[in-house]
Amino acid sequence: MLTSTRANFRRPFGIAASAMLVMFVAFAGSTPRASADDADKAYPVKIAVPQKVGDKQILVANGKQTRHITTTVGANPPEVQDQDLAAELEGTLEILQVDSKGSPTKLSLTVKKCAKTGADAAEILPAGAVVVAEESDGKSKFTLKDGELTPEQSEALSLLVSVAAPDSPTDDEAFGSAQPRKPGDSWDVNREKIAESANAHGVVVKADDIQGKVTMGPVTKVADKTYLNYKGEFSVDKLTVPIPGLTVKGAKMHATMAKSVPADGSKAEVSGNEKMTMEFSAGGAGPNGTQVTVIASVSMEAQRKYTPVASN
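Note that the structure is a prediction, hence the values are computed from the model and not measured.

Asker: Sorry if this is basic, but what is going on with the environment of Gln303 here?
Answerer: Mapped onto the elements, Gln303 comes out in strand β17 (residues 291-308). Residue Gln303 is classed as partly exposed on the basis of its relative accessible area, which comes to 22%. With 44 residues separating them along the chain, Gln303 and Lys259 place their C-alpha atoms 9.9 Å apart. Contacts of Gln303, omitting those with residues within four sequence positions, involve Val60, Ala61, Asn62, Gly272 and Asn273.

Asker: Could you clarify how one ought to interpret the pattern of salt bridges in this entry?
Answerer: Between side chains of opposite charge, a pair can form as their charged atoms come close. Under the counting rule described, the total for this entry stands at 11 salt bridges. Notably, a salt bridge pairs Arg67 with Glu155, separated by 2.7 Å at the nearest N-O pair. Here Arg67, found in strand β3 (residues 56-73), pairs with Glu155, found in helix α2 (residues 151-160); they are 88 residues apart in sequence, far enough to count as distant. Just as Arg67 is buried, Glu155 falls in that class too.

Asker: Can you help me understand the confidence of the model for the protein in this one?
Answerer: Interpretation of this model should avoid reading the predicted coordinates in detail wherever pLDDT is low. Confidence along the protein averages 85 in pLDDT terms, with 87% of residues attaining 70 or more. Every residue in residues 1-32 is under pLDDT 50, and counting partners more than four places away or in other chains gives 165 contacts.

Asker: Looking at this model, I keep getting lost on the pairing of strand β8 (residues 139-144). Mind explaining?
Answerer: For a regular strand, side-chain orientation follows a simple rule: the groups alternate between the two sheet faces. Across six bridges, the pairing between strand β7 (residues 130-136) and β8 is antiparallel. Note on β8: the bridge partner recorded for Ser136 is Lys139. Connecting the antiparallel pair β7 and β8 is a turn made up of two residues, with Asp137 showing a positive phi of about 55°.

Asker: What exactly am I supposed to notice about the packing of aromatic side chains here?
Answerer: Working definition: an aromatic ring pair is given by the centre-to-centre distance plus the angle between the planes. Inspection of the entire model under this criterion finds two aromatic pairs. Taking 6.4 Å as the distance between ring centres and 80° as the angle between the ring planes, the aromatic pair formed by Trp187 and Tyr230 counts as edge-to-face. With Trp187 in strand β9 (residues 186-188) and Tyr230 in strand β13 (residues 225-236), this pair connects stretches of sequence that are 43 residues apart. Taking relative accessible area as the criterion, Tyr230 reaches 0% and is therefore assigned buried.

Asker: I'm lost on the environment of His201 in this one. Help?
Answerer: Examined against the element boundaries, His201 turns out to sit in the loop between α4 (191-200) and β10 (204-205). Judged by relative accessible area, His201 falls into the buried class, the value being 7%.

Asker: How do you make sense of the side chain of Gln57 when you look at a structure like this?
Answerer: By the secondary structure assignment, Gln57 is in strand β3. On the accessibility criterion, Gln57 (11% relative accessible area) is buried. For Gln57, the side chain forms a polar contact with the side chain of Gln51, separated by 3.4 Å. Gln57 has contacts with Gln51, Gly91, Thr92, Leu93, Tyr306, Thr307, Pro308 and Val309, leaving out every residue within four places of it along the chain.

Asker: What's the story with α2 in this structure? I'm lost.
Answerer: Where burial is concerned, most of α2 is hidden: seven out of the 10 residues are buried. Buried residues of α2: Gln153, Glu155, Ala156, Leu157, Ser158, Leu159 and Leu160, and no others.

Asker: I'm lost on the pairing of β3 in this one. Help?
Answerer: The sheet contact formed by β3 and strand β4 (residues 79-98) spans 16 bridges and is antiparallel. Each residue of the ladder has a partner; that of Thr70, found in β4, is Val80. Here 17 bridges tie β3 to β17, and the two strands are oriented antiparallel to one another. Bridge pairing in β17 places Ile69 opposite Ala296.

Procedures and definitions
Residues numbered from 1 in each chain as written. Predicted model: local features only at pLDDT ≥ 70, side-chain atom pairs only at ≥ 80, totals over all residues. Heavy atoms only, no water. Helix = DSSP H or I, 4+ residues; strand = E, 2+ residues; numbered from the N terminus. Buried < 20%, exposed > 50% of the residue type's maximum accessible area, 1.4 Å probe, protein only. Contact = heavy atoms within 4.5 Å. Salt bridge = Lys/Arg side-chain N within 4 Å of Asp/Glu carboxyl O. pLDDT = per-residue confidence, 0-100. Pairing = 2+ DSSP bridges. Phe/Tyr/Trp six-rings, centres within 6.5 Å; stacked < 30°, edge-to-face > 60°. Polar contact = N/O pair within 3.5 Å; in protein donor to acceptor, adjacent residues only side chain to side chain.

Structural data, given as structure tokens:
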């Protein structure tokens, strides 16, 4: 039941957002700063990096997800469930399909490592496994090339691997700026585009219920390449999440994100972090008309680094 609330809205900042309202963490202060001239310069805002079919990238990712769910059926005592997942992934992505905006909508992943971390550390998928990921009916769909994925394996992949809904708003449309910006500048998110992306994934949101800003952080240098560092935050005070058989009575979300991209728009290494939290309550008639009430809180965070693989 709860899985459907995610709606795979991880589009923000390449969160592609299945999820929504995501908190991105600032980058390590050890990254070399650019010169004072770079800090005073205005840069075109380019958050999205368009891809093409056949592009390959090394993905290194880790993330965790926590759910706290309280379910009450009729006059019975509440049942409390705590579900935690922490996982890491390393593998090679190949872009199989892109939309008209250059956003990957289908890709393959050849696993080098995919495992749970923490107290219940265990392998999720073996090295060499090949998974195809694509957007389908508002959520990410994962298919194992040789075999079938368990629900637990699919859940871990959905936390760590991101694909876009075809022709959905890009990060530039939702979080970008039409005018060049200097480090330290802030601007409002595009509420209409965020709402459009959410609604495409079955999460009903009105633009007026979204608030958020994006800030260009310090310019940094990595291997003589200039990087622009963006941090964003937005929240939704009111939204409707589809939960079969139940009516959502109240739901709200908050997200923050950060992304580091080459200033020249080239396909160099790109990294980012995200965090999303959501709370909601829902109710409805269960078996035999018995009243069912669900109160839940969900948090998700992930860190991803994409390194292009040079073509032959």
